[in-house]
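A look at the structure
Read off the chains here:
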Amino acid sequence: MFSEPSESRNPRGCNLEFNMSEKGKKKAVKVSPSSDCIQNDSKKPSMKTASDVISRLQWDDSLDQNKFSVGYLDRFDGIIEKPFTSIDWRDPSIVDNHTLAIPKHRIQYFKYLSRKVWDKRNRTDIVFGSTGYPLSIHDFISKVDNDLLHFHDEEDIDIDYPFPKNNTVSDYSDEITNDEDIDMTGRPNFFIAARIESEDSVSKFKEVSDYIKSRDELIGECCIPSAMLHMTFSILKLDSPADICDVVAAMQAVSLQKLPSVTLNLEGLDNFHHRVLYSRVEDNENLLNLRDALINELVSRNVCITDRFSFVPHVTVAKLSRPVTRLRHSKYIDQYLYLKFEDDEFGSEKISNLYLCEMGASRREDGFYKCVHEISLNN
């Protein structure tokens, strides 16, 4: 008598029923897929096409075409990015040789400013949300605009502040004895940060820096040295020794709260106004909780926080300096210098310490910013 097929002969888990024919041969008469079989055959949601995105940008007046760009695959030069409005969207077969028209199948992605909103390779669709992105295109645009509007970075302040020399990290605040030792210009002069020190992350950032230096020596000079890689939590304006002591007390209070550990996941490259190249930090609830705890402690001590209501977590890779801008006669970092790394992963970093750092040219012996104080988070 014929027995049921073994599991090894039915790997997908479907329930097969057989009858015997008159000549003793197996004859399948019914196939009833099991739940496992159905699950394995499930398909990913259908993704809107490049043509759909083009149509929406052309006809949806709420989306500014001038802020969108297109990345397409050129047969000779690889990925090329052009403004959406610079392309003739008619069929390439009916335009002349002096008109830029792109076959739809060559389109790889669309961007709003510097952020991708549709990506064929990664199945990203923020324009329509067809692959499950949680924000609408308008909410996403508002978030990007807000990030750019409120972007602050300690590297963006091209000024060296006068501070006393020959101070150690531990006794710096105790040795400031009068207001003449503190910058009084009204601009930020300190920031609180976490260092980026994991081997994988540092190695990846160095790979990007070396690549940029090999193609543009001047821009290469603007890359952040490995010893200075960090993520900023807050930018401060401290006018007196008492202000510094208040910040130290706030940091110590945070260290005693025993907050959940924070790991930074660094993903891809992006830019602020094409002047600052940075790696994005993935959204992280524990990170936001740590930042909120720090801000609350600073506010309770009336510390002057210049970026209290804006927080764009990132790790700066390169930032154009004013001298380099003048030498190059351009204030922009060309995208071709980093395009190949744009979607790469840059590793992860567990935050174990926070540092109160001085702005300016002073550096520690290990190459990091000169620090007034540092705390261990004990997590």
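Residues numbered from 1 in each chain as written. Predicted model: local features only at pLDDT ≥ 70, side-chain atom pairs only at ≥ 80, totals over all residues. Heavy atoms only, no water.

Some thoughts on the packing of helix α7 (residues 241–255) against helix α8 (residues 285–300)
To be explicit about the condition: Only C-alpha atoms enter the line fits that serve as axes; for helices the fit covers just the stretch in contact. Angles between N-to-C directions range over 0 to 180 degrees. Secondary structure elements follow DSSP: runs of H or I of four or more residues count as helices, runs of E of two or more count as strands, with numbering from the N terminus. Any angle that falls under 35 degrees is termed roughly parallel, while one over 145 is termed roughly antiparallel, one within 65 to 115 roughly perpendicular, and all others oblique. A clockwise turn of the near helix away from the far one marks a right-handed crossing, whereas an anticlockwise turn of less than a right angle marks a left-handed crossing. The contact definition used throughout considers only heavy atoms, calling two residues in contact when any of these lie within 4.5 Å. Note on residue classes: Ala, Val, Leu, Ile, Met, Phe, Trp, Tyr, Cys and Pro are nonpolar, Asp, Glu, Lys and Arg are charged, and everything else, Gly too, is polar.
It is at 9 Å that the axes of α7 and α8 come closest, and there the two elements cross at 140°. Relative to α8, the element α7 lies oblique. When the axes of α7 and α8 are compared, the crossing they make is right-handed. Between α7 and α8, the residues in contact are Val247, Ala250, Met251, Ala253 and Val254 and Leu290, Ala293, Leu294, Glu297 and Leu298, respectively. Here the contact of α7 with α8 is composed, by residue class, of nine nonpolar, no polar and one charged.

With respect to the environment of Val247
Applied cut-off: Each residue gets one of three labels from its accessible area relative to the maximum for its type: buried under 20%, exposed over 50%, partly exposed in between, using a 1.4 Å probe on protein chains only.
Of note, Val247 is situated in helix α7. Using a relative accessible area of 0% as the deciding quantity, one classes Val247 as buried. Taking the C-alpha atoms as reference, Val247 lies 9.5 Å from Asn302; in sequence the two are 55 residues apart. Each residue touching Val247, except ones within four places of it in the same chain, is listed here: Ile192, Leu236, Leu238, Leu298, Val303 and Leu356.

Some points on the packing of aromatic side chains
Condition: When the centres of two rings from Phe, Tyr and Trp lie within 6.5 Å, Trp using its six-membered ring, the rings pair. Their planes under 30 degrees apart give stacked, over 60 give edge-to-face, and anything left gives tilted.
Enumeration over the complete set of coordinates arrives at eleven aromatic pairs. Between Phe110 and Trp118, the aromatic rings sit 5.7 Å apart at their centres with planes inclined by 70°, giving edge-to-face as the arrangement. Residue classification places Trp118 among the buried residues on the basis of a relative accessible area of 3%. Their ring planes at 65° and their centres at 5.4 Å tell us that Tyr355 and Phe368 sit as a pair that is edge-to-face. Note that Tyr355 is positioned in strand β15 (residues 353–358) and Phe368 in the loop between β15 and β16 (371–376), a separation of 13 residues in sequence.

Examining unusual backbone geometry
In this structure, Arg123 takes a positive phi of about 55° despite not being glycine. Structurally, Arg123 is set in the loop between β6 (115–119) and β7 (124–125). The residue Asn302 is not glycine, and still its phi comes out positive at about 60°. Secondary-structure assignment places Asn302 in the loop between α8 and β12 (304–305).

Let's talk about the environment of Leu339
The topology assignment puts Leu339 in the loop between α9 (322–328) and β14 (345–351). For Leu339 and Ile80, which are 259 residues apart along the polypeptide, the C-alpha to C-alpha distance reads 9.4 Å. Excluding its chain neighbours within four sequence positions, the residues that come into contact with Leu339 are Ile79 and Tyr109.

Things to note about the sheet that holds strand β3 (residues 68–74)
Test applied: Pairing between strands is defined by DSSP: at least two bridges between the two strands are required.
Spatially, five strands are ordered β4-β3-β5-β6-β7 in an open sheet, and the strand pairing comes out antiparallel. Each edge of the open sheet is held by one strand with a lone partner, namely β4 (78–83) and β7. Here β3 runs beside strand β5 (residues 107–112); their pairing, made up of five bridges, is antiparallel. Bridge pairing in β5 places Ser69 opposite Lys111.

Concerning the confidence of the model for the protein
Rule in force here: A score from 0 to 100, pLDDT tells how confident the predictor is in each residue.
When pLDDT is averaged along the protein, the result is 81; 78% of the residues meet or exceed 70. Looking at the elements of the protein, mean pLDDT is at its lowest for helix α4 (residues 172–175), recorded as 34, and at its highest for strand β8 (residues 190–195), recorded as 96. Across residues 1–18 the pLDDT falls below 50, and counting only partners more than four positions away or on other chains, this stretch makes 27 contacts in the model. A low-confidence stretch, residues 153–184 (pLDDT under 50), is modelled with 75 contacts involving residues beyond four sequence positions or located in other chains.

Remarks on the state of the cysteines
Covalently bonding the sulfur atom of one cysteine to the sulfur atom of another cysteine gives a disulfide. The following threshold applies: Disulfide: a pair of cysteine sulfur atoms within 2.5 Å of each other.
Applying the stated criterion across every chain yields a total of zero disulfides. Cys223 provides the cysteine sulfur closest to Cys222, a residue in no disulfide bond, and the two sulfurs are 7.3 Å apart. The exposure class assigned to Cys222 is buried, which follows from its relative accessible area of 7%. Unpaired in terms of disulfides, Cys371 finds its nearest cysteine sulfur in Cys357, a separation of 3.8 Å. A residue is classified by how much of its surface remains accessible, and Cys371, at 1% relative accessible area, is buried.

Quick notes on the nonpolar core
For clarity, the threshold we go by: For our purposes a nonpolar core is just a set of buried Ala, Val, Leu, Ile, Met, Phe, Trp, Tyr and Cys residues, chained together by side-chain atoms within 4.5 Å.
Core analysis: the largest hydrophobic core is formed by 64 residues, its most contacted members being Ile192, Phe233, Leu236 and Leu298. Setting aside anything within four residues of it in sequence, one finds Leu298 in contact with Ile192, Ser234, Leu236, Val247, Ala250, Val303 and Ile305. Core analysis: the next-biggest nonpolar cluster, separate from the first, contains 25 residues, Ala50, Ile80, Ile102 and Val127 among them.

Focus on the pairing of β5
Here β5 lies mainly inside the structure; six of its six residues are buried. Pairing geometry for β5 and β6, over four bridges, is antiparallel. Each bridged residue has a counterpart across the sheet, and for Phe110 the counterpart in β6 is Trp118.

Here we look at α8
Formally: The span one expects for a helix is its residue count, reduced by one, times 1.5 Å. A 3.5 Å cut-off defines polar contacts: any pair of N or O atoms within that distance qualifies, except that in protein one atom must be a possible hydrogen donor and the other a possible acceptor, and neighbouring residues in sequence count only when both atoms are side-chain atoms.
The first and last C-alpha atoms of α8 sit 22 Å apart over 16 residues, in line with the 22 Å expected at 1.5 Å per residue. Listing the buried residues of α8 in full gives Leu287, Leu290, Arg291, Ala293, Leu294, Ile295, Glu297 and Leu298. The distance from a side-chain oxygen at the start of α8 to the backbone nitrogen of Asn286 is 2.9 Å, and the residue carrying that oxygen is Asn284. Backbone geometry just downstream of α8 places Asn302 in the positive-phi region, at approximately 60°.

What about the pairing of strand β10 (residues 262–272)?
Of all eleven residues in β10, eight are buried; the element is thus mostly enclosed. Bridging between β10 and β14 involves five bridges; their strand directions are antiparallel. Note that in β14 the partner of Val262 across the bridge is Ile351.

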